[in-house]
Amino acid sequence: MAEEKSLNFIEEIIEADLQSGKHQSIVTRFPPEPNGYLHLGHAKSICLNFGLSLKYGGYTNLRFDDTNPVTEETEYVESIKDDVRWLGFNWKNELYASDYFHHLYDFALLLIRKGLAYVDDSTSEEMAAQKGTPTTPGTNSPYRNRSVEENLKLFQDMKAGVYKDGEKVLRAKIDMAHINMLMRDPVLYRIKHAHHHRTGNEWCIYPMYDFAHGQSDSIEKVTHSICTLEFVPHRELYDWCIKNLEIYPSKQYEFARLNMTYTMMSKRKLLQLVNEKHVSGWDDPRMPTLSGVRRRGYTPEAIRDFCDRIGVAKRENLIDIGLLEFCVREHLNKVSQRRMVVFDPLKVVITNYENGKTELLPSENNPEQEGSGTREMPFSNTIFIERDDFMEVPPKKYFRLAPGQMVRLKSAYIIKCEEVIKDAGGNVVELRCTYLPESKSGQDTSGVHVKGVIHWVNAATALPVEVRLYDRLFRVEDLSTIEDDFRGYLNPESLKAVTAMAEPSMLRASASDRFQFLRMGYFCLDKDSTPQKLLFNRTVTLKDMWAKEQKK
RNA sequence: UGUCCUAUGGUGUAAUGGUAACACAGCAGAUUUUGAUUCUGCUUUUCUAGGUUCGAAUCCUAGUAGGACAACCA
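Residues numbered from 1 in each chain as written. Chains lettered and ligands numbered in written order. Predicted model: local features only at pLDDT ≥ 70, side-chain atom pairs only at ≥ 80, totals over all residues. Heavy atoms only, no water.

**Examining the overall build of chain A**
Within chain A, the secondary structure is distributed over 13 helices and 25 strands. With the C-alpha coordinates of chain A rotated into their principal frame, the extents come out at 100 × 60 × 40 Å. For chain A, buried positions account for 53% of its 552 residues. Across chain A, every contact between residues at least 6 apart in sequence was considered, and the portion connecting residues at least 24 apart equals 70%. Looking at chain A as shown, the accessible area adds up to about 25,700 Å², and 50% of this sits on carbon and sulfur atoms. Treating the 74 positive side-chain charges of chain A as one cloud and the 79 negative ones as another, the clouds have centres 2 Å apart. (Helix = DSSP H or I, 4+ residues; strand = E, 2+ residues; numbered from the N terminus. Buried < 20%, exposed > 50% of the residue type's maximum accessible area, 1.4 Å probe, protein only. Contact = heavy atoms within 4.5 Å. Areas by Shrake-Rupley, 256 points an atom, 1.4 Å probe, with all protein chains shown as cover. Lys, Arg positive; Asp, Glu negative; His and termini not counted. Charge placed at Lys NZ, Arg CZ, Asp CG, Glu CD.)

Below you can see the structure in the form of C-alpha cells.
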C-alpha cells in the first residue's frame with residue numbers, strides 16, 4: 001500500500017485540467033538562456049518540468065531563450081545540454097527562440113496592423129522618464145500616434161538595418177497609466193547589430209523576452225509554462241500578447257525559486273566569480289553549478305532526491321544546505337566503495353609483529369551492498385594512522401589510541417600503545433605498540449572488546465595522493481541579506497589540499513568510482529587526476545558525532 | 001505612500017471546513033570491527049485582530065511582516 005504523496009499546487013492545476021478535459025496530455029518546457037552554466041536552482045526547475053510530463057504523460061522541450069545575442073554563446077548551449085542529460089532527463093525537441101525569429105517578426109507586423117504597436121524614437125532615458133513610477137502614471141511618447149503605414153515602414157527599415165543600435169524600438173501600445181508597469185507600452189523589439197550564435201548576421205533586430213517567450217510557448221503548444229516568481233507581473237503581458245495575436249493560449253504558472261544557505265545562485269555573480277578567478281571555472285567543485293557539483297562528486301540521484309524533498313510552492317524559501325548534503329550522503333552510502341586513506345600520518349611500529357613480514361588482510365568493499373566483495377590490504381609492523389586518532393592526554397570518552405590504551409585497526413588487529421616517541425621539539429613522531437595476535441579480524445579469539453576502531457595504511461605500500469577538501473564558498477548563511485559586495489564574504493578556507501597516504505588498491509581508481517574513505521568522507525577522482533599523481537575531491541564529509549561532541 | 005504575490009516547528013513541505021503531520025536539523029538512547037550506517041524515543045508549529053460556521057491552518061475583512069514591479073536583460 002503505497003502512501004499517497006500529496007500534490008504541489010502545480011500538480012493540482014494539472015490534475016484539474018486533465019480531469020476537466022481541458023488537456024489530454026501536457027507539454028512543458030525548460031527554457032534556459034544560454035548565457036551561463038546551469039546551477040542547482042535550474043535543477044529544481046528541470047526536475048519540476050521534466051518530472052511533470054513524465055508523471056502526467058506528454059513531453060518536455062528544451063528551448064533556449066536566445067534573444068540577446070550579446071551575452072549568449074554556444075559553449076553555454078553545450079554545457080546546458082550536458083547538464084540536463086546528466087541529471088537524467090530527455091527532452092522531446094531541442095528548440096531555440098531564434099528558430100521563431102521570422103514567425104515573431106510576423107507577429108510584430110500583425111500587432112502593428114492592429115494598431116497595437118508602434119515604432120518609438122525616444123532614447124532609453126526618455127522612455128524611462130515616460131514610464132512613471134509604481135505610484136505615478138506614465139506619459140505617452142510623442143511617437144505613440146504614428147500611423148499604421150508609417151509604423152510598418154519604420155519597422156521594416158529597422159529590420160533592414162537602416163538604423164543604428166538604440167535609435168528606434170518597437171513598443172506595444174497598451175496603456176501608459178496602467179497599474180502594472182510592464183503594461184506601460186513595453187518594448188517589443190530593439191536594434192542590435194550583433195552576431196547571433198545561431199542566426200549569425202541575419203538579424204539586426206531582436207525580440208524582447210516578453211515578445212518571445214510566451215509566443216514560443218504558444219507555437220510549441222506548451223500547456224503549462226512554469227517559471228519563477230519574478231515573472232508574476234509578466235503574466236498579464238504574456239496573456240495580452242496571446243490574446244491579441246489570437247494564438248494558442250499557453251498558461252503561465254509561477255513557483256518560488258530555490259535559495260540555499262551559504263550559496264549564491266545568480267548567474268551574473270557566478271560569472272563574476274569565474275571571470276575574476278575566485279574559482280577555477282564554472283565547474284570548480286565549490287560552485288553550485290551542476291558541472292561544479294558533478295565534479296565534486298554529487299550524483300544525479302542525490303540531486304533529484306533533493307529537488308523532490310524541497311517541494312514546490314509560492315513562498316520565498318531558504319533551504320538548509322545540510323539537506324542537500326544529507327541527500328548526497330544517503331545515496332553515496334549505498335553506492336560507494338570503502339577505502340582507507342590516512343590524511344595526516346603518524347607512524348606506528350608494532351614491536352611484537354615479525355619484522356619483514358607482510359600479510360594480506362581482506363576488507364569489505366561496501367557493507368551496505370551485498371556481494372560487493374573484499375579487497376586485500378597489506379599489513380606489516382610499520383603502519384600509518386591518523387594523527388587525530390592518538391592523544392597523549394585523552395579527554396574522557398575518547399576511545400581511540402592513547403598511552404596504555406587499546407584500539408582496533410579496522411579489518412586487522414587490536415593494538416595497544418606502549419610508548420610515545422617524540423622529537424627534540426616535543427612533537428610526537430612515532431608510536432610503539434604491541435598487537436594481539438589472536439585478535440585478527442574475522443577470527444578474533446582474544447576475548448578483548450575495544451570500543452575504538454580506526455583506519456590505517458601499511459607504510460611500505462602506502463600510495464601518496466592529493467586530496468582536496470572543500471568547504472562552503474561563502475561565510476554567511478543568507479546571501480540575500482548582504483548589501484555590499486558579495487565577494488567580501490567568500491570563505492578563504494573553502495579549499496584545502498593535503499597529501500594523504502592511500503591503500504595501494506587506490507591505484508585502480510577510475511573516474512566513475514565513488515569512494516568512502518573510511519571515517520573521512522566521500523571522495524571521487526578529479527578530472528585533473530593522472531596515474532602519476534592521483535587527485536581526489538572530497539564530495540562531502542561523513543557525519544561526525546565525535547567532532548560535534550568536542551565542540552560543546 | 002500604488003499594484004501583485006506570500007505568511008504553518010530552527011529549515012522546508014503537507015493537512016483541500018472535521019484529532020496539525022512528514023522530512024531535515026537538534027536532543028537522548030540502542031546496535032555497530034567506520035564515533036559512519038541502521039533502529040528507538042523526545043523537544044519544537046498555524047503572523048495579529050475581527051467575522052462566517054456546530055466546527056477555521058483552511059473561507060471573508062482589516063492590519064502587520066517579507067518579497068516582486070520603474071533594463072532597448074531573461
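**Topic: the side chain of H213**
By secondary structure assignment, the location of H213 is in helix α7 (residues 213-219). On the basis of relative accessibility, which here comes to 4%, the residue H213 falls in the buried class. Other than its neighbours up to four places away in sequence, H213 contacts R29, P31, R63, D65, S225 and Y238.

**Digging into the sheet that holds strand β23 (residues 515-517)**
Here we have 7 strands laid out as an open sheet, ordered β10-β23-β24-β25-β21-β22-β11, and mixed in their pairing. Each edge of the open sheet is held by one strand with a lone partner, namely β10 (337-339) and β11 (341-342). Where β10 and β23 come together, 3 bridges link them in parallel fashion. Residue pairing in the sheet places R338 in a bridge with Q516 of β23. Running at roughly 120° to strand β25 (residues 535-540), helix α12 (residues 321-335) makes contact with β10, β23, β24 (521-525) and β25 of the sheet. (Pairing = 2+ DSSP bridges. Axes fitted to C-alpha atoms, helices over the stretch in contact; angles between N-to-C directions.)

**Observations regarding the packing of aromatic side chains**
Going through the model one piece at a time under the given rule, you end up with 26 aromatic pairs. Relative to F523, the ring of F343 has its centre 5.7 Å away and its plane inclined at 75°; by these criteria the two rings are edge-to-face. You can see F343 sitting in the loop between β11 and β12 (345-350) and its partner F523 sitting in strand β24, a full 180 residues away along the chain. Relative to F379, the ring of Y353 has its centre 5.3 Å away and its plane inclined at 90°; by these criteria the two rings are edge-to-face. Placement of Y353 in the loop between β12 and β13 (359-364) and of F379 in strand β14 (residues 374-379) is noted, with a sequence separation of 26 residues between them. Owing to a relative accessible area of 3%, Y353 belongs among the buried residues under this scheme. By way of ring pairs, the aromatic residues F101, Y105, F155, Y189, W203, Y206 and F211 are connected into one cluster. The positively charged end of K168 is found above the aromatic ring belonging to Y163, 4.2 Å away from the centroid. (Phe/Tyr/Trp six-rings, centres within 6.5 Å; stacked < 30°, edge-to-face > 60°. Lys NZ or Arg CZ within 6 Å of the ring centre and 35° of its normal.)

**Topic: helix α9 (residues 267-275)**
Looking only at α9, the buried set comprises L270, Q272, L273 and V274. The first or second residue beyond α9 is K277, which carries a positive phi of 60°.

**Considering the protein's contact with RNA strand B**
Contacts to RNA strand B come from 66 residues, most closely from E12, R315, S441, Q516 and K548. Within the side chain of R190, a nitrogen or oxygen atom sits 2.7 Å from a phosphate oxygen of RNA strand B. If you list the elements that add at least two residues to the surface near RNA strand B, you get α5 (124-131), β6 (187-191), α11 (300-310), α12 and α13 (545-551). Grouping the constituent residues of the surface near RNA strand B by class yields 24 nonpolar, 18 polar and 24 charged. (Near = heavy atom within 4 Å. Polar contact = N/O pair within 3.5 Å; in protein donor to acceptor, adjacent residues only side chain to side chain. Nonpolar A, V, L, I, M, F, W, Y, C, P; charged D, E, K, R; others polar.)

**Examining the packing of helix α2 (residues 40-56) against α11**
Two elements in contact, α2 and α11, have axes whose closest approach is 10 Å; the angle formed by their N-to-C orientations is 75°. With respect to each other, α2 and α11 are oriented roughly perpendicular. For the pair α2 and α11, contact is made by L40, A43, K44 and C47 and by I303, R304, C307 and I310, respectively. In terms of residue class, the contact of α2 with α11 is built from 6 nonpolar, no polar and 2 charged. (Parallel < 35°, antiparallel > 145°, perpendicular 65-115°, else oblique.)

**Topic: the pattern of salt bridges**
Per the counting criterion, the structure on display carries 41 salt bridges. With a shortest N-O distance of 3.8 Å, E150 and R146 are connected by a salt bridge. Since its relative accessible area comes to 14%, R146 is described here as buried. Of the charged contacts, one joins D389 and R519 as a salt bridge, the two residues approaching to 2.2 Å between their closest N and O atoms. Of this pair, D389 sits in the loop between β15 (382-386) and β16 (406-409) while R519 sits in the loop between β23 and β24, placing them 130 residues apart in sequence. Each of D283, R295, D526, K527 and D528 takes part in a single network of salt bridges with overlapping partners. (Salt bridge = Lys/Arg side-chain N within 4 Å of Asp/Glu carboxyl O.)

**With respect to the pairing of strand β4 (residues 117-120)**
Judged by which residues are buried, β4 turns out to be covered on both faces: A117 and V119 on one side and Y118 and D120 on the other are all buried. Where β4 lies against strand β5 (residues 169-172), 4 bridges are found, and the strand directions are antiparallel. Within the sheet, the bridge partner assigned to D120 lies in β5 and is V169.

**Details of α12**
An α-helical turn contains 3.6 residues, so a residue and the one three or four places further along point in the same direction. Over its 15 residues, α12 runs 22 Å from end to end, which matches the ideal 21 Å to within 8%, given 1.5 Å per residue. For α12, every residue scored as buried is listed here: I321, L324, E325, C327, V328, R329, H331 and L332. Close packing links the buried residues of α12 with α2, α11, β10, β24 and β25. Its side-chain oxygen at 2.8 Å from the backbone nitrogen of G322, D320 defines the N-terminal cap of α12. (Expected span 1.5 Å × (residues − 1).)

**Some words on the confidence of the model for chain A**
Predicted confidence across chain A gives a mean pLDDT of 97, with 99% of residues reaching 70 or more. The ipTM, which scores confidence in the relative placement of chains, is 0.97 for this predicted complex, and the corresponding pTM is 0.96. (pLDDT = per-residue confidence, 0-100.)

**Overview of unusual backbone geometry**
Its identity is not glycine, yet K397 carries a phi of approximately 70°, on the positive side. With respect to the element layout, K397 can be found in the loop between β15 and β16. By relative accessible area, K397 is classed as exposed at 59%. Positive phi, close to 65°, is recorded for S411, a residue that is not glycine.

**Some words on the sheet that holds strand β3 (residues 94-96)**
Spatial strand order, β1-β2-β3: 3 strands in an open sheet with parallel pairing. Pairing within the sheet leaves two strands with one partner each, and these edge strands are β1 (26-30) and β3. If you compare each strand with its neighbour and ignore which way they point, the axes differ by 35° on average. Inspection of the sheet shows β1 paired to strand β2 (residues 58-64) by 5 bridges, in the parallel sense. When the sheet's bridge partners are listed, T28 is paired in β2 with T60.

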